[in-house]
Amino acid sequence: MILLRRLLGDVLRRQRQRQGRTLREVSAAARVSLGYLSEVERGQKEASSELLSAICDALDVRMSEVMREVSDELSLAELAAMAALSDDDLLRPVLEPVQLPAPGERMSTITPKAAAVDVVAA
């Protein structure tokens, strides 16, 4: 399972490290506790939009840049998850076979079972 909070934390950590700044510096500038910022960076806590805005301001980076980077990483993670599926997962039948009567037998009403349809992007 891909966790958005983990991807967001990774992006925020990389932004901070690119600037050569410590957790303490950024937490003070964002007015958030050092421990909480650490948990956000490790993907253990969800950042509210207000907190995310404060962290982005402290890092002097636009929130849209952070979200774009998160989106790019999410796309890559989804592609990796799709690549990990076996051929059997991708080719499994969509509908269950219907049992037809033998030749000469009278046909009764056939009610197929409802089946969920998986959509796989090509």
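The structure under discussion appears in the preceding block.
Description of the structure in this document. Everything numeric here is computed off the predicted structure, so don't read it as measured data.

A word on the nonpolar core. Counting residues in hydrophobic clusters, the biggest one holds 18 residues, and the most contacted among them are Leu8, Leu12, Ile55, Leu59, Val66 and Val70. Going through the elements one at a time, α1 (4-18), α2 (23-30), α3 (34-41), α4 (49-59) and α5 (63-84) are the ones with two or more residues in this core. With 6 residues, the top contributor of residues to this core is α4. Beyond its immediate sequence surroundings of up to four residues, Val66 is in contact with Leu8, Val11, Leu12, Cys56 and Val61.

Glancing now at α2. Within α2, burial applies to Val26, Ser27 and Ala30. Relative to the axis of α2, the buried residues are bounded by an arc of 100° and lie together on one face. In this structure, α2 carries Arg24 and Ala28 as exposed residues pointing more than 90 degrees from its buried face. Arg31 occupies a position one or two residues after α2 and carries a positive phi of about 60°.

The next point concerns the pattern of salt bridges. A full pass over the atoms with the stated rule returns 8 salt bridges. Arg14 is the partner of Glu73 in a salt bridge, and the nearest nitrogen-oxygen pair spans 1.9 Å. Taken together, the residues span a long stretch of sequence, with Glu73 in helix α5 and Arg14 in helix α1 at a distance of 59 residues. With a shortest N-O distance of 2.7 Å, Arg16 and Glu41 are connected by a salt bridge. Taken together, the positions of Arg16 in helix α1 and Glu41 in helix α3 put the pair 25 residues apart, joining distant regions of the chain. On the accessibility criterion, Glu41 (4% relative accessible area) is buried.

About the thresholds
- As a convention, each chain's residues are numbered from 1 in the sequence order in which they are written.
- Only residues with pLDDT of at least 70 get local features here, since the model is predicted, and only at 80 or more are side-chain atom pairs given and counted; chain-wide, interface and lining totals rely on the full set of residues.
- The basis for the side-chain values is all heavy atoms of the structure; hydrogens and waters are excluded.
- Only buried residues count toward a nonpolar core. Its members are Ala, Val, Leu, Ile, Met, Phe, Trp, Tyr and Cys residues joined through side-chain atoms within 4.5 Å.
- Note on classification: 1.4 Å probe, protein chains only; a residue is buried when its accessible area is under 20% of the maximum for its type, exposed when over 50%, partly exposed between these limits.
- Only DSSP runs of H or I with at least four residues qualify as helices, and only runs of E with at least two residues qualify as strands; both kinds are numbered from the N terminus onward.
- In this description, contact between two residues means that some pair of their heavy atoms is separated by no more than 4.5 Å.
- In this context, the arc is that of the directions from the helix axis out to the C-beta atoms.
- Any Lys or Arg side-chain nitrogen located within 4 Å of an Asp or Glu carboxyl oxygen qualifies as a salt bridge.

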